[in-house]
Amino acid sequence: MTDASAQAPASSQPAIAFIGGGNMASAIIGGLIHQGVPASRIEVVEPWAEARAALLQQHGVTAQEAAGPALQRAGLVVWAVKPQTFKDAAAAVRPHTAPGAVHLSVAAGIRSDSIAAWLGSERIVRTMPNTPALIGQGMTALFARPAITAADRALVDETLASTGELLWVEQEAQLDAVTALSGSGPAYVFFFLEAMTRAGVDMGLSAEQAHRLAVGTFTGASELARRSDETPAVLRQRVTSKGGTTYAAITAMEHSGMAESFARALQAARDRARELGDEFGR
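Residues numbered from 1 in each chain as written. Predicted model: local features only at pLDDT ≥ 70, side-chain atom pairs only at ≥ 80, totals over all residues. Heavy atoms only, no water.

## Remarks on the overall build of the protein chain
Part 1 of the argument: On a plain count of helices and strands, the protein chain comes out with 11 helices and eight strands.
Part 2 of the argument: Along the three orthogonal principal directions, the C-alpha set of the protein chain runs to about 75 × 45 × 40 Å.
Part 3 of the argument: Accessible surface computed for the protein chain: about 16,000 Å², of which carbon and sulfur atoms make up 58%.
Part 4 of the argument: Once the 23 positive and 27 negative side-chain charges of the protein chain are each reduced to a mean point, those two points are 3 Å apart. (Helix = DSSP H or I, 4+ residues; strand = E, 2+ residues; numbered from the N terminus. Areas by Shrake-Rupley, 256 points an atom, 1.4 Å probe, with all protein chains shown as cover. Lys, Arg positive; Asp, Glu negative; His and termini not counted. Charge placed at Lys NZ, Arg CZ, Asp CG, Glu CD.)

And the structure:
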């Protein structure tokens, strides 16, 4: 007697297709394989031979050089292409995708209106991930067009689950701010790690000691902020005794206008995200 609740064979389940097989696609594919999704359910279009070889070696996934009829079986198409190549890739892929497929974009800046026009579909989710997704510690924001159903969102959540935390936003314009804050954010952390390491060396530590102290401090402070119910401002105040060493450092930063400079830097990133949509979304 057949159990009606049993899952369908992998061969009969919709495939997940990736247009682009670079680092971000590889991270998502690796997570899917770890979840038990067979390589046979994953289709990849990747023009670069080195990237195709890496996918086969790392995940057992065979990628194709160009789009073809195999994409018809994909219920979800993940667009992991560079913003400047998205339009051309869409023109090549569109004839081969199923009309009901969900299209999930991880391309920075390209607005869903442009994607909808290029693909002739309203079933689009646009995301802004960041590079810690490569180790399962990412922060990804997502926006869904009205045609995306609750089931579609669940499929996207399941697909991206292994990359880290997910945050759905209700307004697409918010993704520009997300790009500035978390999309580009890892680079800000690395910038501060560089500065702290340099300062440590200048004060007599070895480069290895300074780097280890800086990275450990960022890791521990971030985890404390994650677990705490208190705001970062309160947490900062708890380690800033007036007249002490931390007070001296914070005061120096405030006098130099660091907070204002940092805010302007994020605004510049947000503005550039908007420009990318204008530049490559035509």
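## Topic: the UniProt feature "domain: Pyrroline-5-carboxylate reductase catalytic N-terminal" (unreviewed entry) in the protein chain
Part 1 of the argument: UniProt records the feature "domain: Pyrroline-5-carboxylate reductase catalytic N-terminal" (unreviewed entry) at residues 16-109, using the numbering of this structure.
Part 2 of the argument: For the annotated span residues 16-109, helix accounts for 34% and strand for 21% of the residues, and the straight-line distance between the end C-alpha atoms is 23 Å. (UniProt positions renumbered as here; feature names shortened; annotations may be inferred.)

## So, the pattern of salt bridges
Part 1 of the argument: With the rule as written, the count across this model stands at 15 salt bridges.
Part 2 of the argument: Of the charged contacts in the structure, one is a salt bridge between D176 and R274, with a shortest N-O distance of 3.9 Å. One end of the pair, D176, is in helix α6 (residues 174-183); the other, R274, is in helix α11 (residues 258-280), with 98 residues separating them in the sequence.
Part 3 of the argument: When the shortest N-O distance is used, the salt bridge between R272 and E275 registers 3.2 Å. Within this pair, R272 and its partner E275 are both found in helix α11, separated by three residues, close to a single helical turn.
Part 4 of the argument: Classification of R272 as partly exposed rests on a relative accessible area of 38%.
Part 5 of the argument: Taking the relative accessible area as the measure of exposure, E275 reaches 41% and is therefore partly exposed.
Part 6 of the argument: One network of salt bridges, in which partners are shared, links E165, E223, R226 and R227. (Salt bridge = Lys/Arg side-chain N within 4 Å of Asp/Glu carboxyl O. Buried < 20%, exposed > 50% of the residue type's maximum accessible area, 1.4 Å probe, protein only.)

## Considering the side chain of R126
Part 1 of the argument: Looking at where R126 falls in the secondary structure, it is placed in strand β6 (residues 124-128).
Part 2 of the argument: Take R126: its relative accessible area is 3%, and that puts it in the buried class.
Part 3 of the argument: Within the local environment of R126, its side chain forms a polar contact with the side chain of E172, the two groups lying 3.0 Å apart.
Part 4 of the argument: Once residues within four sequence positions are removed from consideration, R126 is found in contact with S105, G109, I110, R111, S112, A141, L142, F143, E172, L175 and D176. (Polar contact = N/O pair within 3.5 Å; in protein donor to acceptor, adjacent residues only side chain to side chain. Contact = heavy atoms within 4.5 Å.)

## Quick look at the sheet that holds strand β4 (residues 74-79)
Part 1 of the argument: The mixed open sheet is built from eight strands, whose spatial order is β3-β2-β1-β4-β5-β6-β7-β8. Of all the strands in the sheet, the pair left with one neighbour each is β3 (63-64) and β8 (164-168).
Part 2 of the argument: In this structure, strand β1 (residues 15-19) lies alongside β4, joined through five bridges in parallel fashion. When the bridges of β4 are listed, A17 appears paired with V77.
Part 3 of the argument: Across the sheet, helix α3 (residues 86-93) touches β1, β4 and β5 (102-105), and the angle it forms with β4 is around 160 degrees. (Pairing = 2+ DSSP bridges. Axes fitted to C-alpha atoms, helices over the stretch in contact; angles between N-to-C directions.)

## Quick look at the domain arrangement of the protein chain
Part 1 of the argument: In terms of domain boundaries, the protein chain breaks down into domain 1 (15-175) and domain 2 (184-278).
Part 2 of the argument: For domain 1 versus domain 2, the distance between C-alpha centres works out to 32 Å.
Part 3 of the argument: In this complex, domain 1 contributes seven residues to the contact, which on the side of domain 2 involves seven residues.
Part 4 of the argument: Carbon and sulfur atoms supply 47% of the area buried between domain 1 and domain 2, which totals about 570 Å² over both sides.
Part 5 of the argument: Its largest share of buried area at the contact with domain 2, domain 1 owes to G109, R111 and E165, together 54% of the area lost on that side.
Part 6 of the argument: There are two salt bridges connecting domain 1 and domain 2.
Part 7 of the argument: Ionic pairing is found between E165 and R226, a salt bridge with its closest N-O pair at 2.2 Å. (Domains from an automatic or database assignment. Buried area = accessible area lost by both parts, 1.4 Å probe.)

## Here's the deal with the pairing of β1
Part 1 of the argument: With five of its five residues buried, β1 lies for the most part within the structure.
Part 2 of the argument: The two faces of β1 match: A15, A17 and I19 on one face and I16 and F18 on the other face are all buried.
Part 3 of the argument: As defined by bridge partners, β1 adjoins strand β2 (residues 42-45) across four bridges and the pair is classed as parallel. Bridge pairing in β2 links I16 to I42.
Part 4 of the argument: Regarding the hand of the β-α-β motif, the stretch spanning β1, helix α1 (residues 23-35) and β2 is right-handed. (Right-handed = clockwise from strand over helix to strand, strands pointing away.)

## Section: the packing of α6 against helix α7 (residues 185-202)
Part 1 of the argument: Closest axis-to-axis distance for the α6/α7 pair is 5 Å, and the angle between their directions is 30 degrees. Taken as axis vectors, α6 and α7 run roughly parallel relative to one another. Taken together, the residues of α7 that come into contact with α6 (itself represented by A180, L181, S182 and G183) are G185, P186 and Y188. (Parallel < 35°, antiparallel > 145°, perpendicular 65-115°, else oblique.)

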